[in-house]
Structure formats: structure tokens, C-alpha cells
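# Results of the structural survey
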Amino acid sequence: MKLRTTVTIFVLLAALAGCKFGRLTETQQFSISEPFTRLVVISQVGDITISGGAGVEVTAEKFADACLRSRARRYLDQIEVTYEVDNNTCTITVHHPDTIVNTAYGGANLTITGIQGLPLDIDLGVGAIHCASMNGGTITNDVGEITVETATGDIQLEAGAGSVSVEDYTGDNFSLRAGVGTAGIHISGSGALDGSIKTEAGAINCEISQDRSTSAQLKTGVGDISITGITDFTKSGFISIEASFELGAADGTLTMDIGTGEIAVNVF
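Quick caveat, the model's predicted, so the values are computed rather than measured.

Two elements, strand 10 (residues 146-161) and strand 11 (residues 164-169), share 5 bridges in a ladder whose sense is parallel. Of the residues in strand 11, the one forming a bridge with Ala151 is Tyr169. Here strand 11 pairs with strand 12 (residues 173-187) via 4 bridges, running parallel. For Tyr169, the partnering residue across the bridge sits in strand 12 and is Ile187.

Shown next as C-alpha cells:
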């Protein structure tokens, strides 16, 4: 269902390519005073930015494009952003029209402040996702990048077409997936680590602390592998390359797999 929705969005964008756009925008703002320990965000189109701060505030910059302003207005009037707090989980949802408006396209750019160190579950169709922090959770994005500044806990990040990046990870179990794009992560801290990084085409960049304990297995379909910071590793192959190394007592398992592209690992 999500794939079909994304395909529909691209068809609408193609139809609008020859139009003189009539863009309309509208801002919706609200505060969330109820306490919660997990945040869920569901949206089809638009950027999502999550950051810290005092008090939970949501700003939704709603937009609609169409060949005719009347159609853009009709679409925009049906975009609504709601939230619900239930069982310690806050769910923010961007609602789109129930029926497709011909040659109209729209969504909402969400800015959510007051969120820090919580589990996050984000499901987006098209747009960019930027999170200042997360403590466990799952983020999926059909088209667009995913960037997380700091993360811990068990996390899963997946982008169909777009880059996935974690600037500092201190947890012990993670999964990064990118269909087409770069997957990058900086792993600090110490102790056992289980992780998996996989892309179909693009690049994998991994920086990992020597204080971690893991057994790493790396593989490319077409592309090279470079490992810096250590000399005790194995590497074999010509077009398809395989490599492996161990850190500490090798208590965990770390895999990196790319179809077409290069893997670069730096142990610091």
C-alpha cells in the first residue's frame, strides 16, 4: 500500500511538470501537554525535523500545488495534522484527502521540538528526515534522506532511495538499509556490538571505536573495501571483495553488504 502511494505521488509530480504551479501554503501549530515516552510520526509527503527543547511544540507547514489555484485550495483544505496520546505513545499523523484530486499534490513539513532521548517510530513516503536524537525505534523513508545526530538503543533505519546517516551511535544493536544511496555511521562507546549495514547501490562508510567487541564481515558485489586504523584484517577477491576483522573479544557480529559500490571502514 505504501509503495502504491509513493508511485501515485510520482505520477502526480510528472503530471504537474508541465503546469504553471498554483502553490498555496498554510501553517498549523499546536502544543502537546500530555506526557509520553514514545513518539510515532506518520506522513506521506514533507520533511520531518525533530529536535530538543522545553515543551513539545509542533509546527506544520502545509502546502499544495496544482495547475489551478482552486484545485490547490481544495487539496490544502483537506490536509490535517492530528495527534493522539495513548498508552504513553504520542502519534502525530498527517492526513491527506481520501480521494485523489486530479493534478494536485501536497503535504506538510513538520517541525517537532521538545523531543530528546525518546524512542522514535517514523514512517514517511517522500521527504527528508532529520532527528537530533533517538533512543531506539524504527525510521523508514521511501524517497529521501534520513539523518540522526545521536542515537542509542536498538535502532532500524531504512531509506528506499536516499542516504542514511547516524552521526554518533552508542547503542549495541542497529540496522541501516539504503536501496540507492550512502549508509554511514559513527560508532563510539565500548562493549559488544551487533549491527548490519546494507545497500543495493551507493557506498557504506563506517567509523567504529576500537573499544567495541565485534566480529566484522564485509562484502561487495562490485566495488572495493578499504579498512584503516588497524592492520589485522583479511581481504580477498577482485571484482567482488570480501573482508573481515575482529575487535576486542568479538562478542558481537557486524555485517556490511553492498551490491554496487565501496565500503570504507575506519577504526579509531
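What characterises a pair of aromatic rings is the spacing of the ring centres plus the angle enclosed by the ring planes. Enumeration over the complete set of coordinates arrives at 3 aromatic pairs. Arranged with centres 6.4 Å apart and planes meeting at 50°, the rings of Phe63 and Tyr105 form a pair that is tilted. Taken together, the positions of Phe63 in strand 4 (residues 56-66) and Tyr105 in strand 7 (residues 104-113) put the pair 42 residues apart, joining distant regions of the chain. Residue Phe63 is classed as buried on the basis of its relative accessible area of 8%.

Let us now look at the environment of Gln78. Take Gln78: it is sitting in the loop between helix 2 (69-76) and strand 5 (80-86). With relative accessibility at 33%, the residue Gln78 sits in the partly exposed group. Sequence separation between Gln78 and Gly117 is 39 residues, and the spatial gap between their C-alpha atoms is 33 Å.

On the surface, Val222, Phe238 and Ile239 cluster together into a nonpolar patch covering about 360 Å² of accessible area. Within the element layout of this structure, Phe238 appears in the loop between strand 17 (233-237) and strand 18 (241-247).

Turning our eyes to something else, we now look at the pattern of salt bridges. Within the structure shown, the criterion is met by 6 salt bridges. Across the pair Lys62 and Glu26 runs a salt bridge whose closest N-O atoms are separated by 3.4 Å. Highlighted residues: Lys62 in strand 4 and Glu26 in strand 1 (residues 24-32), separated in sequence by 36 residues. Here the salt bridges do not stand alone but share partners, grouping Glu26, Lys62, Arg73 and Asp77 into one network.

Bringing helix 2 into the picture now. Taken as a whole, helix 2 has its buried residues at Ala72, Tyr75 and Leu76. Down the axis of helix 2, the smallest arc covering the buried residues is 95°, so these residues share one side. Check the buried side of helix 2 and you find it contacts strand 1, strand 4 and strand 7.

As a further point, take the environment of Leu76. Along the chain, Leu76 falls in helix 2. Residues Leu76 and Ile230, 154 residues apart in the sequence, show an inter-C-alpha distance of 55 Å. Once you skip the residues sitting within four places of it in the chain, Leu76 turns out to touch Leu24, Thr25, Glu26, Lys62, Phe63 and Ala64.

If you look at the biggest cluster of nonpolar residues, it comprises 68 residues, and the most contacted ones within it are Leu39, Phe174, Leu218 and Val265. Beyond its immediate stretch of four places on either side in the chain, Leu218 contacts Ile225, Ile227, Ile241, Glu242, Ala243, Phe245, Met256, Ile263 and Val265.

Calculation rules
Counting starts from 1 at the beginning of each chain's written sequence and moves along it residue by residue. For a predicted model such as this one, the threshold for reporting local features is a pLDDT of at least 70, and the threshold for listing and counting side-chain atom pairs is 80 or more; totals across whole chains, interfaces and linings nevertheless cover every residue. Note that the side-chain values use all heavy atoms of the structure and ignore hydrogens as well as water. By definition, two strands form a pair when at least two bridges between them are found by DSSP. A helix here means a DSSP run of H or I that spans at least four residues, while a strand means a run of E at least two residues long, and both kinds are numbered starting from the N terminus. Stacked, tilted and edge-to-face are the three classes assigned to paired rings of Phe, Tyr and Trp, where Trp is represented by its six-membered ring and a pair needs centres within 6.5 Å; plane angles under 30 degrees give stacked, over 60 edge-to-face, the rest tilted. A 1.4 Å probe rolled over the protein chains alone gives each residue an accessible area, and that area as a share of the maximum for its type sets the label: buried under 20%, exposed over 50%, partly exposed in between. Put simply, a patch holds well-exposed residues, over 30% relative accessible area, that have no salt bridge, with like charges counted together within 9 Å and Val, Leu, Ile, Met, Phe, Trp or Tyr side chains within 5 Å. Each accessible area is a Shrake-Rupley estimate made with a 1.4 Å probe; only the visible protein chains count as cover when residues are assessed. For salt bridges, the criterion is a side-chain nitrogen of Lys or Arg within 4 Å of an Asp or Glu carboxyl oxygen. By definition, the arc is the one covered by directions from the helix axis to the C-beta atoms. Whether two residues are in contact is decided by their heavy atoms: any pair within 4.5 Å suffices. The criterion is simple. A nonpolar core is a set of buried Ala, Val, Leu, Ile, Met, Phe, Trp, Tyr and Cys residues joined through side-chain atoms within 4.5 Å.

Fair warning: the whole summary comes from geometry, so function is off the table for now.
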